[in-house]
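One-letter residues, chain by chain:
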Number of protein chains: 2
Amino acid sequence: MTYTIGETAELLGVPASTMRYYDKEGLLPELSRGAGGRRAFEDKDLEALKVIDCLKQSGLHISEIRQFMQWYQQGDETLKQRQELFQNCRTSVLEQMEQLQRTLEIVEYKCWYYEAATSLGSEQAVIDLPEDQIPARIRGYRDRLEV
Amino acid sequence: MTYTIGETAELLGVPASTMRYYDKEGLLPELSRGAGGRRAFEDKDLEALKVIDCLKQSGLHISEIRQFMQWYQQGDETLKQRQELFQNCRTSVLEQMEQLQRTLEIVEYKCWYYEAATSLGSEQAVIDLPEDQIPARIRGYRDRLEV
DNA sequence: CCTTGACTTGAAGTGAACTTCAACTGTGAC
DNA sequence: GTCACAGTTGAAGTTCACTTCAAGTCAAGG
């Protein structure tokens, strides 16, 4: 069972032009061709596209993903490199999550701030709010009232 | 108390060129100038730079951050818009965290997979591993062994 | 006063990841 | 057979957020 590039695009929600680009960049080294030189995507190629997406989400560049695919093609002698790559991905994803958590805390403070401001009718009213009317989870950001 | 662009760059770890760019793009509308036309960063400008970073992390484009700064300058009549903006930011950050969580699960599967492969000496050995030797937290990804 | 070095500007350049274009070819439904 | 349409290619274009450059100004220490 194979899929055309259009079917694959539909299936994965990735534009066909993107997949041609990935192919050209060597991210789909095992992709075979069918009638008339058309790309014939097999299940393993769909799998590869999912892994590409995962590696992209982890913050890898196209060139690094190409490197991974080259290692994959070289077989068991590159297992160590591939293991290391995914360990680095893991660290990177965890760092991104921590960063996002810090961002969320600021955003939630701002949500509270503007909610209070709209219901009180002015920013000044929020700035003048007595300490004990500020929810505990937000108090740490009291010194960031500006803007 | 004011800081030069160089001091501010040092303080926040943001290149001076980036802050000039933000200024040019209207992201620092209240930034004042000191002797010789030099930018004089006050505490509120540092605060603004932190908010810019937060909004960027949330996924806003420069043009959207500029819009926010314009609303800020217009005062209390734009409180509603600013509240809505931060609510959208919150949704967007939560979605990013969910996406990252899904990525992490795949990455952790791959970590397990390559760890097993390196210790067993080959990928085939992992593929041949009996079901009951696969940790429960990973079993859901069994069908993604390829690549 | 003079020099050093941090600042100023507008304009041009960069890098990454696509996307679009133009010209062409082959497939498959009628 | 024919014809629309999905696919092919290399090259050029796009977008975004900076970054670098070139040419000039100004402040402050010696």
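For the structure, see preceding data.
Analysis parameters
- Residues numbered from 1 in each chain as written.
- Chains lettered and ligands numbered in written order.
- Predicted model: local features only at pLDDT ≥ 70, side-chain atom pairs only at ≥ 80, totals over all residues.
- Helix = DSSP H or I, 4+ residues; strand = E, 2+ residues; numbered from the N terminus.
- Rg over C-alpha atoms; globule rule 2.2 N^0.38 Å.
- Buried ≥ 20, exposed ≤ 12 C-beta atoms within 10 Å, placed from the backbone.
- Least-squares fit on C-alpha atoms with pLDDT ≥ 70 in both.
- Contact = placed C-beta atoms within 7 Å.
- Near = placed C-beta within 6 Å.
- Nonpolar A, V, L, I, M, F, W, Y, C, P; charged D, E, K, R; others polar.

Colleague: Just give me the short version of the overall build of chain A, but keep the residues and values in it.
Modeller: On a plain count of helices and strands, chain A comes out with 6 helices and 2 strands. Expected size for 147 residues packed as a compact globule is a radius of gyration near 15 Å; at 24 Å, chain A overshoots this value by more than 25%. When burial is assessed residue by residue, chain A has 25% of its 147 residues classed as buried.

Colleague: Quick one: what's the story with helix H1 (residues 5–12) of chain B, residue by residue and with numbers?
Modeller: Taken across its 8 residues, H1(B) has 0 buried, putting it largely on the surface. Trailing H1(B) by a residue or two, Gly13(B) shows a phi angle of about 70 degrees, which is positive.

Colleague: Give me the relation of the copies chain B and chain A: which residues, what numbers.
Modeller: Each copy of the sequence occupies a distinct position, and chain B is placed on chain A by a rotation of 180 degrees and an axial shift of 0.0 Å, giving an RMSD of 0.1 Å. Here the symmetry operator amounts to a two-fold rotation axis. Closest approach to the rotation axis among the C-alpha atoms of chain B is made by Met97(B), whose C-alpha sits 3.2 Å away. A high fraction, 100%, of the interface residues of chain B reappear at the interface in chain A, so the copies pair face to face through one surface.

Colleague: An account of the protein's contact with DNA strand D is requested, with residue identities and associated values reported.
Modeller: Of all residues adjacent to DNA strand D, which total 18 residues, the nearest are Thr4(A), Gly6(A), Arg39(A), Ser17(B) and Gly36(B). For the surface near DNA strand D, the secondary-structure elements that each account for two or more residues are helix H1 (5–12) and helix H2 (16–24) of chain A together with helix H2 (16–24) of chain B. Of the residues contributing to the surface near DNA strand D, the split by class is 6 nonpolar, 7 polar and 5 charged.

Colleague: For the protein's contact with DNA strand C, give the residues involved together with the corresponding values.
Modeller: Taken together, 18 residues surround DNA strand C, and among them Ser17(A), Ala35(A), Gly36(A), Thr4(B) and Gly6(B) come closest. Contributing elements (two or more residues each) for the surface near DNA strand C: H2 of chain A together with H1 and H2 of chain B. Per-element accounting of the surface near DNA strand C gives the leading share, 3 residues, to H2(A). A breakdown of the residues in the surface near DNA strand C according to their chemical character gives 6 nonpolar, 8 polar and 4 charged.

Colleague: For the interface of chain B and chain A, give the residues involved together with the corresponding values.
Modeller: When the parts of a complex come together, some accessible area is lost, and that lost area is often taken as the interface size. At the junction of the two partners, chain B supplies 38 residues and chain A supplies 38 residues. Broken down by secondary-structure element, the contributors of at least two residues to the side of chain B that touches chain A are helix H3 (43–57) and helix H5 (79–120) of chain B. The greatest single-element share of the side of chain B that touches chain A, amounting to 24 residues, is contributed by H5(B). Considering only residue class, the side of chain B that touches chain A consists of 17 nonpolar, 9 polar and 12 charged.

Colleague: Can you lay out the environment of Asn88(B) for me, pointing to particular residues and giving the numbers?
Modeller: All names here are of chain B. Mapped onto the elements, Asn88 comes out in helix H5. Its 15 C-beta neighbours within 10 Å are what place Asn88 among the partly exposed residues. For the pair Asn88 and Ser58, spaced 30 residues apart in the sequence, the C-alpha separation amounts to 9.2 Å.

Colleague: If you had to explain the environment of Arg90(A) to someone new, which residues and values would you point to?
Modeller: In this fold, Arg90(A) is placed in helix H5 (residues 79–120). According to the C-beta neighbour criterion, Arg90(A) is partly exposed, with 17 such atoms within 10 Å. Along the backbone, Arg90(A) and Glu131(A) are 41 residues apart, and their C-alpha atoms lie at a distance of 41 Å. Ignoring anything within four residues of it in the chain, the contact list for Arg90(A) reads Val107(B), Glu108(B) and Cys111(B).

Colleague: Requested: an account of the environment of Arg33(B), with residues and values cited.
Modeller: All names here are of chain B. Within the fold, Arg33 resides in strand E1 (residues 32–33). Spatially, the C-alpha atoms of Arg33 and Thr4 are 9.7 Å apart, while their sequence positions differ by 29 residues. The residues touching Arg33, leaving out its near neighbours within four places in the chain, are Arg38, Arg39 and Ala40.

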